[in-house]
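Letter by letter, the chains look like this.
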Amino acid sequence: MRKIYADNAATTKLSPVVLEKMMPYLTEIYGNPSSLYTIGQTAKKAVEDARANIAKNIGAKRPGEVYFTSGGSESDNWALKGVCTKLKARGKRHIITSKFEHHAILHTCAALEREGFEVTYLDVYENGIVKPEDVAAAIREDTALVSIMYANNEIGTIQPIAEIGKICRERGVLFHTDAVQAAGYCKINVVEQNIDLLSLTAHKIHGPKGCGMLYVRKGILINNLIEGGAQERGKRAGTENIAGIVGLDAALQLAVDTMDERCEKLTKLRDKLIDGLLKIPRSRLNGDRVHRLPGNVNMCFEGIEGESLLLRLDMAGVSASSGSACTSGSLDPSHVLLAIGLPHEIAHGSTRMTFDESTTEDDIDYILETVPGIVEMLRAMSPLWEKIIKSDE
């Protein structure tokens, strides 16, 4: 049976090139970077070389602006909690974000609300894009931070980050972006885009799980999230994940080097799949058609449950999802789809397919041959579909 992995937004396969770069630090150069002996100092050099290269690849001015973490969720938590608790003493108790952020942002905002912060959740509209003018209108004298994701993890819409960053810089408000999905697919330059803090993780770009980073522009004071040691210049305790850090660097470098070619290929495959799936009656593409990640297709099919579609796809050899992997156990409809205005009954019938450079045109053809039949079969068993058909008569 054919096997197609179409859930790269959840995680990606570790690149053989990345693994090769990591192996010496898993087997031979295993010393603690805080140690003074040679094997430890060799490991330390690998960390600092990776820091400098990652800084270069996101357009940062200084390697010291890059801090290594366990992944995107920790980086998001640290950015929000670190900045907001620091600025609280100055009367800055207001946060601006959007309604369709990753739960690492939304749940952190909820935690900060319980500590007395006020959060403005901006609309994202039917096209799944935040309007810069809404950000400008929401900024107040007591605004501590604006956090808007670079690209949405479910519907793949790319936000006007440079415009939002410009507004925040002009108004003297710090700007954080979760760029976990954007890395390797969008050209990131933290200086040109006026980004003050930025989150990344390795496993979305064919790197290892368990390693990410937070960019913090020099001059920004941020409280620690993890205490207990002098690592990361005293800002993030814990023995460094040397192999993971080397893997993050190698994965980001590979992604940057191949970005143009990959994105061109994936955009063509994405558009072919969208065009084909839209031929299914009562189907819809979620999010903007143009301003979206090149490998992201998120569709709704009325009259069916997304979970049933996913199980049938899996039986046919296609691994897809209905949204964020972080909420895959929930029976509630996606908060992202509700945020763009979909009613519950339609949002329940969603599926997300996300591809990488290994995806072929034959894979897309197979999906287009498979999905319509599954949708037709599920609709034939659905009382909801019967009700929809009768309402049309």
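The preceding data block contains the structure.
Keep in mind that what you see is a predicted model, and the values were worked out from it rather than measured.

A.B. asks: What exactly am I supposed to notice about the overall build of the protein here?
C.D. replies: Looking only at helices and strands, one finds 14 helices and 12 strands in the protein. A globule of 393 residues ought to have a C-alpha radius of gyration of about 21 Å, and the protein, at 22 Å, matches this closely. Projected onto its principal axes, the C-alpha coordinates of the protein cover approximately 75 × 50 × 35 Å. Every one of the 393 residues in the protein was classed for burial, and the buried ones make up 57%. In the protein, the proportion of contacts linking residues at least 24 apart, taken out of those at least 6 apart, comes to 73%. Looking at the protein as shown, the accessible area adds up to about 16800 Å², and 53% of this sits on carbon and sulfur atoms. For the protein, the separation between the mean place of its 46 positive charges and that of its 52 negative charges on side chains is 5 Å.

A.B. asks: Looking at this structure, how should I read the pairing of strand 8 (residues 212-216)?
C.D. replies: For strand 8, the tally of buried residues reaches five of five residues, placing the bulk of the element in the interior. Burial of strand 8 is two-sided: the residues Gly212, Leu214 and Val216 facing one way and the residues Met213 and Tyr215 facing the other way are all buried. Sheet topology places strand 7 (residues 197-201) next to strand 8; five bridges connect them, and they run antiparallel. Paired with Leu197 across the strands is Val216, a residue of strand 8.

A.B. asks: Help me understand the sheet that holds strand 5 (residues 143-147), please; the structure alone is not making it clear to me.
C.D. replies: Strand pairing in a sheet takes place through backbone hydrogen bonds and is either antiparallel or parallel in direction. Ordered by their spatial adjacency, seven strands build an open sheet running 2-8-7-6-5-3-4, and the pairing between neighbours is mixed. Two strands close off the open sheet at either side, each with one partner strand: strand 2 (66-69) and strand 4 (118-122). Pairwise comparison of adjacent strand axes, ignoring direction, gives a mean angle of 20° for this sheet. Against the sheet, helix 6 (residues 161-171) makes contact with strand 5 and strand 6 (174-178), and its axis sits at roughly 160° relative to strand 6, the strand it touches most.

A.B. asks: Honestly, the pattern of salt bridges in this entry has me stumped. Any pointers?
C.D. replies: Side-chain pairs of opposite charge can arise whenever the charged atoms involved come near each other. Using the criterion set out here, one finds 22 salt bridges in the structure. Residue Asp271 is joined to Arg270 by a salt bridge in which the shortest nitrogen-to-oxygen separation is 2.9 Å. For Asp271, a relative accessible area of 23% translates into the label partly exposed. Here Arg282 makes a salt bridge to Glu302, at a shortest N to O gap of 3.3 Å. In this pair, Arg282 is assigned in the loop between helix 9 (259-277) and strand 9 (283-285) and Glu302 in the loop between strand 10 (296-301) and helix 10 (306-315), connecting sequence segments 20 residues apart. Owing to a relative accessible area of 33%, Arg282 belongs among the partly exposed residues under this scheme. A single network of salt bridges, built from pairs that share partners, joins Arg270, Asp271, Asp275 and Arg289.

A.B. asks: Teacher, can you tell me more about the sheet that holds strand 9 here?
C.D. replies: The three strands lie next to each other as 9-10-12, forming an open sheet whose pairing is antiparallel. Taken across any chain shown, the strands that pair with only one partner, and hence form the sheet edges, are strand 9 and strand 12 (350-354). The average undirected angle you get between the axes of adjacent strands in this sheet is 25°. Note that strand 9 and strand 10 share three bridges and pair antiparallel. Among the inter-strand pairings, Leu285 is bridged to a residue of strand 10, identified as Met299. Its contacts with the sheet put helix 10 on strand 10 and strand 12, and the angle it makes with strand 12 is roughly 45°.

Cut-offs and rules
For every chain, the first residue of the written sequence is number 1, and numbering continues from 1 along that sequence. Local features are withheld for residues below a pLDDT of 70 in this predicted model, meaning they are given only at 70 or higher, and side-chain atom pairs are given and counted only at 80 or more; totals for whole chains, interfaces and linings count all residues. By convention in this description, side-chain values take in all heavy atoms of the structure and omit both hydrogens and water. What counts as a helix is a DSSP run of H or I of at least four residues, what counts as a strand is a run of E of at least two, and both are numbered from the N terminus. When we talk radius of gyration, it's over C-alpha atoms, and the globule rule is simply 2.2 Å times the number of residues to the 0.38. Burial here depends on accessible area, computed with a 1.4 Å probe over protein chains only, as a share of the maximum for the residue type. Under 20% is buried, over 50% is exposed, and the range in between is partly exposed. Pairs of residues are marked as contacts when any of their non-hydrogen atoms sit within 4.5 Å. Computed with the Shrake-Rupley method and a 1.4 Å probe, the accessible areas treat only the protein chains shown as cover for residues. Residues scored as positive are Lys and Arg, those scored as negative are Asp and Glu, and His as well as the terminal groups of each chain are ignored. The atoms used to mark charge sites are NZ of Lys, CZ of Arg, CG of Asp and CD of Glu. Any two strands with at least two DSSP bridges between them are considered paired. Here an angle of 0 to 180 degrees is reported between the N-to-C directions of two axes, which are lines fitted to C-alpha atoms, with helices fitted over the stretch in contact. Any Lys or Arg side-chain nitrogen located within 4 Å of an Asp or Glu carboxyl oxygen qualifies as a salt bridge.

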